Amino acid sequence: ETPTPLFRTALSELGRWLTYEATRDWLPQVEVEVQTPLATTVAGFVDFSAPFAIVPILRAGLGLVESAQSVLPSARVYHVGMVRDEESLASSCYLNRLPAQFDPGARVLVLEPMLATGGSLAATLEAITARGVEPSQIRVIAVIAAPPALRKLSAAFPALDIYAAMIDENLDERGYIVPGLGDAGDRLFGT
């Protein structure tokens, strides 16, 4: 019964923390001499000239975009829309705005708040890697993950790093995360 504005704020804040964690040892750095008031010293800065991309999986992933952009301000944002058939639990793509080919050496941050079966994320990862990105250059931000999704993704993409706030117990017969938090897209947009 959390009101939509509060849910949106909490999701955004959690997304920022997870993005910091996911990118802490992943961002390329450049060393530069800096003159302080007392001396010259060498300091490390993030090299934002390196190619970065953020890929939210619609629609719930939109709730994490602003948070990710606050950490990666120069990243390009490419959208992927996935929908899950509620009977078969199979995912299908209804929107793919990925580039034909990612820049060489691109690092890609995928935003998928709920990892239940892993079908939507697996299909998105297949599309990203088909466009030239190594799985070791992809990081995933999730709010909640379930063991079936983690097993599936680990088998298909062993070099993939997933940053999740919580790993819940399992899925119910409808493929919903238990105990979960409900449909993140519905709660984010009040629908």
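Residues numbered from 1 in each chain as written. Predicted model: local features only at pLDDT ≥ 70, side-chain atom pairs only at ≥ 80, totals over all residues. Heavy atoms only, no water.

> Lay out unusual backbone geometry with the relevant residues and their values.
Excluding glycine, residues mostly have negative phi values, and the peptide bonds linking residues are mostly trans. With omega at 5°, the peptide bond leading from Leu58 into Arg59 counts as cis. Among the secondary structure elements, Arg59 is positioned in the loop between β3 (52–58) and α2 (62–71). Its identity as a non-glycine residue notwithstanding, Leu89 has a phi of 65°, on the positive side. Of note, Leu89 is situated in the loop between β5 (80–84) and β6 (91–96). (Helix = DSSP H or I, 4+ residues; strand = E, 2+ residues; numbered from the N terminus.)

> Explain the pattern of salt bridges to me, using residue names and the numbers behind them.
Going through the model one piece at a time under the given rule, you end up with nine salt bridges. Notably, a salt bridge pairs Arg76 with Asp103, separated by 3.5 Å at the nearest N-O pair. One end of the pair, Arg76, is in strand β4 (residues 76–77); the other, Asp103, is in the loop between β6 and β7 (107–111), with 27 residues separating them in the sequence. Note on Arg76: relative accessible area 48%, which makes it partly exposed. Asp103 sits in the partly exposed class, given a relative accessible area of 38%. Taken together, the shared-partner salt bridges in this structure form one network comprising Asp25, Arg139 and Asp161. (Salt bridge = Lys/Arg side-chain N within 4 Å of Asp/Glu carboxyl O. Buried < 20%, exposed > 50% of the residue type's maximum accessible area, 1.4 Å probe, protein only.)

> I'd like to hear about helix α4 (residues 147–156), residue by residue, with values.
Within α4 the residues assigned to the buried category are Pro147, Ala149 and Leu153. Across the axial projection of α4, the buried residues extend over an arc of 155°, all falling on one side. In α4, the exposed positions angled more than 90 degrees off the buried face are occupied by Arg151 and Ala155. Buried positions along α4 lie against β8 (114–115), α3 (119–129), β9 (138–145), β10 (161–167) and β11 (170–171). (Arc of directions from axis to C-beta. Contact = heavy atoms within 4.5 Å.)

> Run through the side chain of Thr117, naming residues and quoting values.
Relative to the assigned elements, Thr117 resides in the loop between β8 and α3. With a relative accessible area of 19%, Thr117 lands in the buried category. There is a polar contact of 3.3 Å between the side chain of Thr117 and the backbone nitrogen of Gly119. Once residues within four sequence positions are removed from consideration, Thr117 is found in contact with Arg84, Leu89, Pro148, Ala149, Lys152 and Leu171. (Polar contact = N/O pair within 3.5 Å; in protein donor to acceptor, adjacent residues only side chain to side chain.)

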